[in-house]
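# Remarks on the overall topology
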Amino acid sequence: MTVKTRFAPSPTGMLHIGGARTALFSWLYARHFGGEFMLRIEDTDKERSTDEATQVILDGMKWLGLDWDGEPVYQGARQALHIAAVNKLLDEGKAYKCYCSREALDVMRDKQKLAGQKPMYDGRCRERTDAPEDEPFVIRFKSPREGETWVRDMVLGDVCFLNEELDDLIIMRSDGTPTYNLAVVIDDADMGITHVVRGSDHLNNTPRQIQLYEALGLPVPKFAHIPLIHGADGAKMSKRHGSVAITEYREQGYLPSAVTNYLARLSWSHGDDEVFSVEQLVELFDLNAVGKSASRFDQAKLDWLNTHWMKASKSSDLVSEVERLLAVDIQAHQPPLLGVIECLQERSKNLLDLAAGARFFYEKPQSYQEKAVKKNIKEGTKVLLDAFLAKAELEAWSGEAAHQWIADICEAEGVGMGKLAQPIRIFLAGVPVSPPIDVTLDLLGKDEALARIHEGIEKLKL
Ligand code: GLU
């Protein structure tokens, strides 16, 4: 059997950490077994679905590298198929029209509650034979009244549901639109999904879906319900806990490799290992190593993994994203971005940090950090700078040579190297931090470096 999984988000809210982790597990399972992974946008709730949310799903998945096979499937375009299934169930007497008004249903539930019973539809329209004209109706599935329905879950184990506790599910609303449980069954069957991997918040839907598969004579897929992610305080994830649109992590400079590594470790483990590349995840992942309990979102761990992957990534893999975040028009005579990334990536927490550190290579500082000027630019600074400029006029330029001049000048003056290197840094970058001075000068080039030093001397009237 070829494994075929899917991710089936509703574009009614943003794709956040929880949804992305579900997508990742579903994707990993398919890729591990050399199977297929499908994306189905469940956009049947026209009022709450937005194009923006759909875009975040597509962008977020592409960014994380969760590629899907074929084109995304839009559930809203498949209604005819869902309606046909409803009609089939009606024709076979496995579904029925229910004319109960909202008020009648409310009265029924209130009575049940008063009697200490679980409120549920009592099936009063099941055997109804009249068909009142012009009365609105929904269509309900005639679910079995007796027996049990077992969910043999690959993560949660065997879960038993008593059929008497499952009331007759609405499969078509009074406006003629099919409901989630019906549409999901038809689509998963039609798309040939073998493994339904989704959040454990859907577990209660699963016995109903199994009953529908059986009533329609469709093969029941395997199910894997992934435990939820909670905030660090154990409460349900919210914005405050980092549950923002997944694309927001991209804007904050996180690496997709760090995010997938982090998400994979939520409820899944492989020994005591923490660091996994995507290739390793594909090789090692299996649903049987997913734990049953909810995990907690841990920002510090995500940051730690991001720092790790900043160091471990190939510099060339970072170029396009840093370019996007920098948003400057790099000229041919300016330092190559790859070289700049190479000298910054070890010391950067994330790509935003890296881009901030790279900016001065492409834009001269608009001002100099006041605190740094006060601390580093003093009476004797001008003499040192002049000596440096004189050397640069006379001798052949290279970062290494310039580094040596700084060392020689400072030694001759009996001061530490920082007395000259720091003022130079401030004039080049605006702040007293930059990659090593020789590398910085090398990348920036003689003309630009000297021009900035001259400008600094002038601006500060040294
Ligand atoms: N559209 C559902 C959701 O976003 C999908 C549930 C499922 O995977 O079956 O929760």
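Because the structure is predicted, anything quoted here is derived from the model rather than measured.

How each quantity is defined
Chains are numbered independently. Their residues run from 1 in the order of the written sequence. Restriction of local features to residues with pLDDT of at least 70 applies here, the model being predicted, together with a cutoff of 80 or more for giving and counting side-chain atom pairs; totals for whole chains, interfaces and linings are based on all residues. As a rule here, side-chain values come from all non-hydrogen atoms in the structure, and water together with hydrogens is ignored. Helical segments are the DSSP runs of H or I of at least four residues, strand segments are the runs of E of at least two, and each set is numbered from the N terminus. For this measure, only C-alpha atoms enter the radius of gyration; the expected value for a globule follows 2.2 Å times N^0.38, where N is the number of residues. Relative accessible area decides the class of each residue, using a 1.4 Å probe on protein chains only: under 20% of the type maximum gives buried, over 50% gives exposed, and in between gives partly exposed. Two residues form a contact once any of their heavy atoms are found within 4.5 Å. The accessible surface values rely on the Shrake-Rupley method and a 1.4 Å probe; as for residues, cover is taken only from the protein chains in view. Only rings of Phe, Tyr and Trp enter the pairing, Trp through its six-membered ring, and a pair is recorded when the two centres are within 6.5 Å. The plane angle decides the type: under 30 degrees is stacked, over 60 is edge-to-face, the rest tilted. Either the NZ atom of lysine or the CZ atom of arginine qualifies as a charge over a ring when it sits within 6 Å of the ring centre and within 35 degrees of the ring normal. A pair of strands is treated as paired once DSSP finds two or more bridges between them. Here the axes come from fitting lines to C-alpha atoms, over the contacting stretch only for helices, and the angles between their N-to-C directions go from 0 to 180 degrees. A cavity, in this analysis, means grid points on a 1 Å lattice covering only the protein atoms where a 1.4 Å probe fits yet has no way out; a pocket is instead an open set bounded by protein on both sides within 12 Å along at least five of seven lines, and a residue lines either one if it has an atom within 4 Å of a point. Grid points are joined across faces, edges and corners, and a volume is the space filled by probe spheres set on the points. Gly is put with the polar residues, along with every residue not named as nonpolar or charged; the nonpolar set is Ala, Val, Leu, Ile, Met, Phe, Trp, Tyr, Cys and Pro, and the charged set is Asp, Glu, Lys and Arg. Whenever a carboxyl oxygen of Asp or Glu lies within 4 Å of a side-chain nitrogen of Lys or Arg, that contact is scored as a salt bridge. Here a polar contact is taken to be a pair of N or O atoms separated by no more than 3.5 Å, where protein atoms must pair a possible hydrogen donor with a possible acceptor and residues adjacent in sequence count only if both atoms sit in side chains. Being near a molecule or strand, for a residue, comes down to having at least one heavy atom within 4 Å of it. A molecule is said to be in a cavity or pocket once over half of its atoms fall within 2 Å of that pocket's grid points.

Helix and strand content of the chain: 19 helices and twelve strands. A globule of 462 residues ought to have a C-alpha radius of gyration of about 23 Å, yet the chain, at 32 Å, is considerably larger. Overall, the C-alpha framework of the chain stretches about 105 × 45 × 40 Å when taken along its three principal axes. A burial count over the chain gives 49% of its 462 residues as buried. Taking contacts inside the chain between residues at least 6 apart in sequence as the whole, the part at least 24 apart equals 75%. Only carbon and sulfur atoms are counted for the fraction: they give 50% of the accessible area of the chain, which is about 22500 Å².

As a further point, take the packing of aromatic side chains. Using the criterion set out here, one finds eleven aromatic pairs in the structure. Centre to centre, the rings of Trp 268 and Phe 285 are 5.8 Å apart; their planes meet at 40°, and the pair counts as tilted. On the criterion of sequence distance, the pair formed by Trp 268 in the loop between helix H8 (256-264) and helix H9 (278-284) and Phe 285 in the loop between H9 and strand E12 (295-296) is long-range, its members being 17 residues apart. Of the residues examined, Phe 285 reaches a relative accessible area of 0% and is grouped as buried. Put simply, the rings of Phe 25, Trp 268, Phe 276 and Phe 285 touch in pairs and so form one group of aromatic residues. Cation over ring: Lys 97 sits above Phe 137, and NZ or CZ is 4.8 Å from the ring centre.

Let us now look at the sheet that holds strand E4 (residues 95-98). Reading across the sheet, the three strands line up as E4-E5-E8 and stay open at both edges, with antiparallel pairing between neighbours. If you trace the sheet from one side to the other, it starts and ends with E4 and strand E8 (170-172), each paired once. Averaged over all adjacent pairs, the angle separating strand axes in this sheet is 45°, with direction ignored. Sheet topology note: the E4/strand E5 (residues 138-141) ladder contains four bridges and is antiparallel. The partner of Ala 95 across the bridge, within E5, is Phe 141.

Take the layout of surface pockets next. If you add up the space inside the largest pocket, you get close to 1000 Å³. For the lining of the largest pocket, the secondary-structure elements that each account for two or more residues are strand E1 (4-7), helix H1 (17-32), helix H5 (180-190), strand E9 (195-199) and strand E11 (229-230). The element contributing the most residues to the lining of the largest pocket is H1, with four residues. Here the lining of the largest pocket is built from residues that sort into 15 nonpolar, 14 polar and nine charged.

This part takes up the pattern of salt bridges. Inspection of every chain in the model, using the stated rule, returns 29 salt bridges. In this structure, Arg 48 engages Asp 45 in a salt bridge whose closest nitrogen and oxygen atoms are separated by 3.1 Å. According to the relative accessible area criterion, Arg 48 is exposed, its value standing at 52%. With a closest N to O distance of 3.9 Å, Lys 118 and Glu 165 form a salt bridge. Separated by 47 residues along the polypeptide, Lys 118 in the loop between helix H4 (102-114) and E5 and Glu 165 in the loop between strand E7 (157-162) and E8 bring together distant segments of the chain.

Turning to the environment of Glu 42, a few remarks are in order. For Glu 42, the location among the structural elements is in the loop between strand E2 (36-41) and helix H2 (51-64). On the basis of relative accessible area, Glu 42 is assigned to the buried category, the value being 5%. A sequence separation of 352 residues divides Glu 42 from Leu 394, and the C-alpha atoms of the two residues are 70 Å apart. Excluding its chain neighbours within four sequence positions, the residues that come into contact with Glu 42 are Ala 8, Pro 9, Ser 10, Pro 11, Gln 75, Tyr 180 and Val 184. Separated by 2.9 Å, the side chains of Glu 42 and Arg 40 make a polar contact.

What follows concerns the pairing of strand E6 (residues 148-153). Burial along E6 is one-sided: the residues Thr 149, Val 151 and Asp 153 are buried and none of Glu 148, Trp 150 and Arg 152 is. What sits between the antiparallel neighbours E6 and E7 is a turn of three residues.

Here the focus is the site of the ligand. The environment of the ligand is formed by Arg 6, Ala 8, Pro 9, Ser 10, Glu 42, Tyr 180, Val 184, Arg 198 and His 202. Note that a nitrogen atom of the ligand is positioned 2.6 Å from one of the side-chain N or O atoms of Glu 42. Between Arg 198 and the ligand, the recorded distance is 2.8 Å, taken from a side-chain N or O atom to an oxygen atom. When isolated, the ligand has an accessible area of 300 Å², and the protein chains bury 81% of it. In this structure the site holding the ligand corresponds to the largest pocket. Residues belonging to the shell around the ligand are distributed by class as follows: four nonpolar, two polar and three charged.

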